[in-house]
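Descriptive analysis of the structure
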Amino acid sequence: MSEQPVTTGAAASDQSLRFMLLYALAVAGGAMAYVPFLTILLPVRVEGLADGEAVRWLAATAFSGAVAASLSNILFGWLSDRTGTRRPWIAVGLVLSSALLVAMWQVSELVPLIGLLVLWQISLNMMLAPLAAMAGDHVPDHQKGLLGGLLAFAPALGALSGTLVTIPGLAEPDERLVMVAGLVALCVLPVLLFGRARPFPELMEPREAIDAAVDPRPRKLVTRMWLARLLVQIAEAALFAYLYLWFRTIAEDFSDNDTAQVFGVVLLVSVPATLLVGRWADRNDRPILPLTACAALTAMALLVMAGAGSLPMALVGYALFGLVSAIFLALHSAQTLRVLPRPQHRGRDLGLFNLTNTLPSLVMPGLTLAMVPVFGFSGLFILLAVLVTLAALLLASVQRAN
């Protein structure tokens, strides 16, 4: 039996590969909109204005931005549901977020910079929330694994865009923001202009009655998926923020460039791996099994990292962690669309799922400060392994329920 609730009137045909590729390119454009800015360009700008208080001001910008992103993603997902259309919201969000991004370098004081950042996050999520919901409107369940594989390109291209715009001598700081805005437009506009999707009316039919016939606990199913992603994202956020510092505790001569190279290679390898795993899930109608396996392997990788006493062992542990967690997150994004019961609220519900991406950035600093000074990074990684193991158990219970 399938691991997920049965879909009514499952279509025999596939969504066109052309639309799938254009959609994946647009999602990658969404990643390009925030990855280079939040990880490189904004910290550089804050450091130039903060006069020795960069850490404190960066924390303030991160907190303000996360709150704005969380709330606005839910809001614009809901609005795109209510209006029954996604593309106009995506287009307006693209224009506004690009304009605000380019204007960011004109601000010379920190408080106005934070205000502009909040407005930028709101306009960016005007684009991102309906874009995420568009996949649920157009991609049938039997192609969700392929969709997850294609979504794996997004973080890789987001990181690559950061490398591109910061090539020494290529552009001045303000020109880098223009380059980012241009790259985003080049990626998002094609799906708006040329992405003609084949209709799948059954994707817009409420599933609640059908789900109840197979599993009387659809809300619990959604809750398990939400909690599992949150637990994995907490581990992901911790490693994203403190990977460099952890490597330095093992090898003092390990540089920031070495860390960036390791991070980039892992992301690059994760793309074909996610495509292979996603296609396997589609062919065998086992959408949850790869998620369960990846969560279990993520926990194992964290334990390897906790016990690493040498750089080679640390690299092996992180390579496994980075690979399987990237596969998990990409496939989870696609398979989440299978369990949301009400297409008429798909944008809003995906906004609630998006909290699993933003809440960890608020939880992780306190967790790290509580654990690392007392137990070191090994203690933190063991705690994270426990959390991710809980995620694997939650997903295993999803399999048993269907």
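Structure's up top.
An account of the accompanying structure is given in this report. Note that the coordinates shown come from a computational prediction; the quantities given were computed from them, not determined experimentally. Position numbers for residues count from 1 along each chain, tracking the sequence in the order it is written. In keeping with the model being predicted, local features are shown solely for residues with a pLDDT of at least 70 and side-chain atom pairs are shown and tallied solely at 80 or more, while totals for entire chains, interfaces and linings include all residues. Processing note: side-chain calculations cover all non-hydrogen atoms of the structure and skip hydrogens and water entirely.

Our focus in this paragraph is the overall build of the protein chain. Scanning the protein chain from terminus to terminus reveals 13 helices and zero strands. Seen in sequence order, the protein chain has helices and strands lined up from the N terminus as α-α-α-α-α-α-α-α-α-α-α-α-α. Atoms counted for the radius of gyration: C-alpha only. Globule rule: 2.2 Å times the number of residues to the power 0.38. A compact globule built from 402 residues should have a C-alpha radius of gyration of about 21 Å, and the protein chain, at 21 Å, falls within 12% of that. Counting only C-alpha atoms and orienting by the principal axes, one finds that the protein chain spans roughly 60 × 45 × 30 Å. Think of it in three bands: with a 1.4 Å probe and only protein chains considered, a residue is buried below 20% of the maximum accessible area for its type, exposed above 50%, and partly exposed in between. For the protein chain, buried positions account for 52% of its 402 residues. Helix and strand labels come from DSSP, where a helix needs a run of H or I of at least four residues and a strand needs a run of E of at least two; each type is numbered from the N terminus.

The next point concerns the packing of aromatic side chains. Pairs were defined over the aromatic rings of Phe, Tyr and Trp, the Trp ring being its six-membered one, requiring ring centres within 6.5 Å. Orientation was assigned from the angle between planes: stacked under 30 degrees, edge-to-face over 60, tilted for the rest. Under the counting rule described, the total for this entry stands at eight aromatic pairs. For the pair phenylalanine 19 and tyrosine 23, a centre-to-centre distance of 6.2 Å together with 25° between the ring planes defines the contact as stacked. Here phenylalanine 19 pairs with tyrosine 23, and both are found in helix H1 (residues 17-50), just four residues apart, close to one helical turn. A relative accessible area of 1% means that phenylalanine 19 is categorised as buried. Residue tyrosine 23 is classed as buried on the basis of its relative accessible area, which comes to 3%.

With axes taken as lines fitted to C-alpha atoms, and helix axes fitted only over the stretch in contact, angles between N-to-C directions fall between 0 and 180 degrees. At a closest axis distance of 5 Å, the pairing of helix H5 (residues 144-151) and helix H6 (residues 153-165) adopts a crossing angle of 10°. Here H6 runs roughly parallel to H5, going by the angle between their axes. Of the residues in H6, those touching H5 at Gly149, Leu150 and Leu151 are Phe153, Ala154 and Pro155. Classification used: nonpolar for Ala, Val, Leu, Ile, Met, Phe, Trp, Tyr, Cys and Pro, charged for Asp, Glu, Lys and Arg, polar for all others including Gly. Residues of the contact of H5 with H6, tallied by class, amount to five nonpolar, one polar and no charged. Convention used here: angles under 35 degrees read as roughly parallel, angles over 145 as roughly antiparallel, angles from 65 to 115 as roughly perpendicular, and any remaining angle as oblique. We call two residues in contact when some of their heavy atoms are within 4.5 Å.

Helix H12 (residues 311-339) packs onto helix H11 (residues 289-306) with a crossing angle of 155° between their chain directions and a minimal axis gap of 8 Å. Compared by their axis directions, H11 and H12 come out roughly antiparallel. Crossing of H11 over H12 shows left-handed handedness. Where H11 abuts H12, its residues Pro290, Leu291, Cys294, Ala295, Leu297, Thr298, Ala301, Leu302, Val304 and Met305 lie against Met313, Gly317, Tyr318, Leu320, Phe321, Val324, Ser325, Ile327, Phe328, Leu331, His332 and Gln335. Each residue belonging to the contact of H11 with H12 can be placed in one class, and the counts come to 17 nonpolar, five polar and no charged. The crossing is said to be left-handed when, going from far helix to near helix, the turn is anticlockwise and less than a right angle, and right-handed when the turn is clockwise.

This brings us to the pattern of salt bridges. Between Lys or Arg on one side and Asp or Glu on the other, a salt bridge is scored when a side-chain nitrogen of the former is within 4 Å of a carboxyl oxygen of the latter. Enumeration according to the criterion identifies seven salt bridges in this entry. When the shortest N-O distance is used, the salt bridge between aspartate 81 and arginine 86 registers 2.9 Å. Given a relative accessible area of 11%, aspartate 81 falls into the buried group. Note that aspartate 137 is salt-bridged to arginine 86, the shortest N-O span being 2.7 Å. Placement of the pair is aspartate 137 in helix H4 (residues 110-138) and arginine 86 in the loop between helix H2 (54-83) and helix H3 (87-103), with a sequence separation of 51 residues. Arginine 86 gets classed as buried once you look at its relative accessible area, which sits at 10%. One network of salt bridges, with partners in common, ties together Asp81, Arg86, Asp137 and Arg346.

Before going further, it helps to spend a moment on unusual backbone geometry. At aspartate 285, a residue that is not glycine, the phi angle is positive and equals roughly 50°. Its location among the elements puts aspartate 285 in the loop between helix H10 (256-284) and H11.

The biggest cluster of nonpolar side chains holds 105 residues, and the ones touching the most others in it are Trp246, Leu302, Tyr318, Phe381 and Leu384. Not counting residues up to four positions away in its chain, the partners in contact with leucine 302 are Ala235, Leu239, Phe321, Phe381, Leu384, Ala385 and Val388. In this description, a nonpolar core means a group of buried Ala, Val, Leu, Ile, Met, Phe, Trp, Tyr and Cys residues linked to one another through side-chain atoms lying within 4.5 Å. Grouped together as the second largest cluster of nonpolar side chains are five residues, Ala156, Leu267, Val271 and Ala330 included.

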